[in-house]
Amino acid sequence: MNSNAAQKIDVDLQSEQGVDQYLTFCLAGEEYGINILKVQEIRGWSEVTPMPNTPDSILGVINLRGTVVPIVELRNHFNLPDAPRGPTTVIIVVKAEEKNGNQRTMGMVVDAVSEVHNIAATDIQPAPQVGDAADQPAIAGLATMDEHMIIILDVDDLMINRVLGLLDEESAA
């Protein structure tokens, strides 16, 4: 069986069983997860080209095989303390989908990639409402794996509504 057929069977089984795969990564000592289907690639840390007049959470852009990709510093976006970039610092390149179906390629700087977990939809609990919903950082829910909590992020909401929404606010001001 070729790898494409095996991959399709795996995706079909996951859909039927209500299980999705999540790439987990570390950020300021906490573990976060994003749906693996949103991940385009994982790149080692490399410097970005800064862009003027952008929010602090947008570090700049990189050229990814001819495509200019904005890079988001998640620590800054989530109001976490700065940390030096280390050998495990990576950029996770994701595809975020807008409401009209258009896809945007963006990168997220994280401290380290952990692993891929199979998580059933029934194992994801809603995040507790703390403060104004507009202030929530696109948390889709919380899952517990091996006695530790994983914060599941909604990539589309995070990148399109929260990050690109900041750009819209800056240009409107």
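Just so it is clear, the model here is predicted, and its values are computed rather than measured. (Residues numbered from 1 in each chain as written. Predicted model: local features only at pLDDT ≥ 70, side-chain atom pairs only at ≥ 80, totals over all residues. Heavy atoms only, no water.)

A. Region of interest: the sheet that holds strand S9 (residues 124–125). Taken in spatial order, the 6 strands of this open sheet run S8-S1-S2-S11-S10-S9, and their pairing is mixed. This sheet does not close on itself; its edge strands, each paired only once, are strand S8 (112–120) and S9. Pairing geometry for strand S1 (residues 19–27) and strand S2 (residues 30–35), over 6 bridges, is antiparallel. Paired with Tyr22 across the two strands is Asn35, which belongs to S2. (Pairing = 2+ DSSP bridges. Helix = DSSP H or I, 4+ residues; strand = E, 2+ residues; numbered from the N terminus.)

B. Structural view of unusual backbone geometry. Positive phi, close to 55 degrees, is recorded for Ala28, a residue that is not glycine. The phi angle at Asn53 is positive, at roughly 55 degrees, despite the residue not being glycine. Looking at the element boundaries, Asn53 is found in the loop between strand S3 (39–44) and strand S4 (58–64). Of the residues examined, Asn53 reaches a relative accessible area of 73% and is grouped as exposed. (Buried < 20%, exposed > 50% of the residue type's maximum accessible area, 1.4 Å probe, protein only.)

C. How the structure looks around the environment of His77. The residue His77 is located in helix H2 (residues 74–77) in this model. In this structure His77 comes out as buried when scored by relative accessible area, which is 17%. A C-alpha to C-alpha distance of 7.8 Å links His77 and Asp56, two positions 21 residues apart in sequence.

D. Representation of the pairing of strand S6 (residues 90–97) in the model. The buried fraction of S6 is high, at 6 of 8 residues. Two elements, S3 and S6, share 5 bridges in a ladder whose sense is antiparallel. Residue Gly44 lies in a different strand from S6, and its bridge partner there is Val90. Pairing of S6 with strand S7 (residues 103–110) involves 8 bridges; the strand directions are antiparallel. If you follow Glu97 over to S7, its bridge partner there is Gln103. Hairpin remark: S6 followed by S7, antiparallel, with 5 residues in the connecting loop; positive phi at Gly101, about 95 degrees.

E. The arrangement of the sheet that holds S4 in detail. In space, the 5 strands of this open sheet follow the order S3-S6-S7-S5-S4, with mixed pairing throughout. The sheet is open, and its two borders are formed by S3 and S4, each paired with just one other strand. Across the sheet, the axes of successive neighbouring strands diverge by a mean angle of 30 degrees, strand direction being ignored. (Axes fitted to C-alpha atoms, helices over the stretch in contact; angles between N-to-C directions.)

F. Main features of the environment of Ala120. Tracing the backbone through its elements, the reader meets Ala120 in strand S8. In the structure, Ala120 is positioned 23 residues away from Ala143 in sequence and 9.2 Å away in space, judged by C-alpha atoms. Beyond its immediate stretch of four places on either side in the chain, Ala120 contacts Gly18 and Val19. (Contact = heavy atoms within 4.5 Å.)

G. Broad picture of the pattern of salt bridges. Considering all chains together, one arrives at 5 salt bridges under this definition. For Arg85, the salt bridge identified is with Glu73, shortest N-O distance 2.8 Å. Taken together, the positions of Arg85 in the loop between H2 and S6 and Glu73 in strand S5 (residues 67–73) put the pair 12 residues apart, joining distant regions of the chain. The partner of Arg75 in a salt bridge is Asp111, and the shortest N-O contact between them spans 2.8 Å. Of this pair, Arg75 sits in helix H2 while Asp111 sits in the loop between S7 and S8; the two residues are 36 residues apart in sequence, bridging distant segments of the chain. (Salt bridge = Lys/Arg side-chain N within 4 Å of Asp/Glu carboxyl O.)

H. Representation of the packing of aromatic side chains in the model. Under the criterion given, the structure shown has 2 aromatic pairs. Each ring, one from Phe25 and one from Tyr32, has its centre 5.7 Å from the other, and the planes form 15 degrees; the classification is stacked. Accessibility assignment for this pair places Phe25 and Tyr32 in one class, buried. Judged by centre distance (5.7 Å) and plane angle (25 degrees), the rings of Tyr32 and Phe78 are stacked. Remark: Phe78 occurs in the loop between H2 and S6 and Tyr32 occurs in strand S2; sequence separation between them is 46 residues. Phe78 shares its class with Tyr32; the two are buried. An aromatic cluster of three or more residues is present, and its members are Phe25, Tyr32 and Phe78. In this structure, Arg85 is placed above the aromatic ring of Trp45, and the distance from its NZ or CZ to the ring centre is 4.3 Å. (Phe/Tyr/Trp six-rings, centres within 6.5 Å; stacked < 30°, edge-to-face > 60°. Lys NZ or Arg CZ within 6 Å of the ring centre and 35° of its normal.)

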